[in-house]
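Here are the chains, one letter per residue:
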Amino acid sequence: MFLWQKSQPKEVVYNEFTPTVENIQKTTIITGKIEPRNEVNVKPQISGIIAELYKEPGDYVNAGDVIAKVKVIPEMSQLSAAEMRVRLADISLKQAQTDFQREENLFNQKLVSADEYDKSKLALNQAKHEKLAAEDALEVVRDGVSKSNASASSTLIRSTISGVILDIPVKVGNSVILANTFNEGTTIATVANMNDLIFRGNIDETEVGKLVNGMPMKITIGALQDLKFDASLEYISPKAIESNGANQFEIKAAVKLAEGRKIRAGYSANAEIVLESVSKVLSIPESAIEFSGDSTFVYIIKGTGKQKTYERTYVTTGLSDGVNIEIKKGITTKDKVRGPEIIADEKEN
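Residues numbered from 1 in each chain as written. Predicted model: local features only at pLDDT ≥ 70, side-chain atom pairs only at ≥ 80, totals over all residues. Heavy atoms only, no water.

**Quick look at the sheet that holds strand β9 (residues 175-176)**
Across the sheet, four strands lie side by side as β7-β6-β4-β9; this open sheet has antiparallel pairing. Of all the strands in the sheet, the pair left with one neighbour each is β7 (156-158) and β9. Note: strand β4 (residues 48-53) against β9, two bridges, orientation antiparallel. Bridged to I49 within β9 is S175. (Pairing = 2+ DSSP bridges. Helix = DSSP H or I, 4+ residues; strand = E, 2+ residues; numbered from the N terminus.)

Dropping the structure here:
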């Protein structure tokens, strides 16, 4: 009897589903990070050594605030040229003073014309200004600042925008160089406006065609207890980049933070974006669908109990969210559809 019972075919039991009216959305998750829209590297306008640092990372600065001071190490050839210019200007000034005194005596005796006297006076004034300019140039080469431009000194490194200092990669005593044709220059500080943030990530080429600027997104930062906030898509790259053998397109979205909410730059984040959606459509679990080539079928349940049969029926499908699928044609809410077979473990539970 035992062997006979074991040899008997076991009854096959299937899940059963009733079509329902649902809203279906096809979404995708994009991995990226939160970044400030405007992040500026502040660089010196003169080469030298960091003498003082007035700010620290995390400090808020306004445009024009002094971040650091640079001590100039003059180049010897430029210093020598500037010193020579001062000496020549001094000689020229002494000669101009002598000439003017001579012309003034002659003019008082009415032995020269007023025109000659005015020319000598003009030459003296020019010589005085030339000496002042030469001394200013020497101070700039030697000290990086002169008395006449102390308030706009290039030795004082100022922030070019208002924002939060994200990083100061130099220390007092470090050598710094200004940007020129051959190098990018030394970054003194990185400043960004932390009230204007963006999400930056990459999306696969199979999905990018469904994106349009202005689409809403939901951003989630897992490191902050799954903090969520809204964003709006504002940029889709016109050119793909290859990543792990797949073509992907860069996207950017404007982050909308709640008033008074602050987050830091560089957090990893996930963006959920709805690619397609349909409302109030007939749907069933996708596991109940039989795919055969380009056609789709379901099995409609007929009868009850041991008289139960399954009728293979062609259906027209629509949007799927990976769990449920839209049924456009072929069944109604009055039908019952056969799902996948219930395995032994499921029967016991």
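**Things to note about the layout of surface pockets**
Empty space within the largest pocket amounts to approximately 370 Å³. Residue lining of the largest pocket: 15 residues in total, with V164, L166, M194, I263 and R264 positioned closest to the centre. When residues of the lining of the largest pocket are assigned to their parent elements, the largest contribution, four residues, is made by strand β8 (residues 163-167). Residue classes in the lining of the largest pocket are distributed as eight nonpolar, five polar and two charged. (1 Å grid on protein atoms, 1.4 Å probe; cavity = no way out; pocket = protein on both sides within 12 Å on 5 of 7 lines; lining within 4 Å. Points joined across faces, edges and corners; volume = space filled by probe spheres on them. Nonpolar A, V, L, I, M, F, W, Y, C, P; charged D, E, K, R; others polar.)

**A closer look at the sheet that holds β8**
Read across the open sheet, the four strands follow the order β3-β10-β8-β5; overall the sheet is antiparallel. Either end of the sheet is taken by a strand with one partner, and the two such strands are β3 (39-42) and β5 (60-61). Strand direction decides the pairing type here: β3 and strand β10 (residues 189-192), joined by four bridges, are antiparallel. When the bridges of β10 are listed, N41 appears paired with T190.

**Some thoughts on the pairing of strand β6 (residues 66-72)**
Alignment of β4 against β6, held across five bridges, turns out to be antiparallel. Within β6, the position partnered with E52 by the bridge is K69. Bridge count between β6 and β7: three bridges; the pairing is antiparallel. Bridge pairing in β7 places K69 opposite L156.

**Notes on the packing of aromatic side chains**
Summed over all chains, the structure comprises four aromatic pairs. Centroid distance F100 to Y117: 5.6 Å. Interplanar angle 35 degrees. Geometry classified as tilted. Linking F100 in helix α2 (residues 76-108) with Y117 in helix α3 (residues 114-143), this pair joins segments that are 17 residues apart in sequence. F100 sits in the buried class, given a relative accessible area of 12%. By relative accessible area, which is 14% here, Y117 ends up buried. Each ring, one from F107 and one from Y117, has its centre 4.7 Å from the other, and the planes form 15 degrees; the classification is stacked. (Phe/Tyr/Trp six-rings, centres within 6.5 Å; stacked < 30°, edge-to-face > 60°. Buried < 20%, exposed > 50% of the residue type's maximum accessible area, 1.4 Å probe, protein only.)

**Here we look at the pairing of β10**
Of the two faces of β10, both are covered, the one formed by A189 and V191 as well as the one formed by T190 and A192. Examined bridge by bridge, β8 and β10 share three bridges and lie antiparallel to one another. Within β10, the residue paired with D167 across the bridge is T190.

**Looking at a nonpolar patch on the surface**
A cluster of nonpolar side chains, namely M84, L88 and I91, defines an oily patch on the protein surface of about 290 Å² accessible area. Among the structural elements, I91 can be located in helix α2. (Patch = residues over 30% accessible without salt bridge, like charges linked within 9 Å, V, L, I, M, F, W, Y side chains within 5 Å. Areas by Shrake-Rupley, 256 points an atom, 1.4 Å probe, with all protein chains shown as cover. Salt bridge = Lys/Arg side-chain N within 4 Å of Asp/Glu carboxyl O.)

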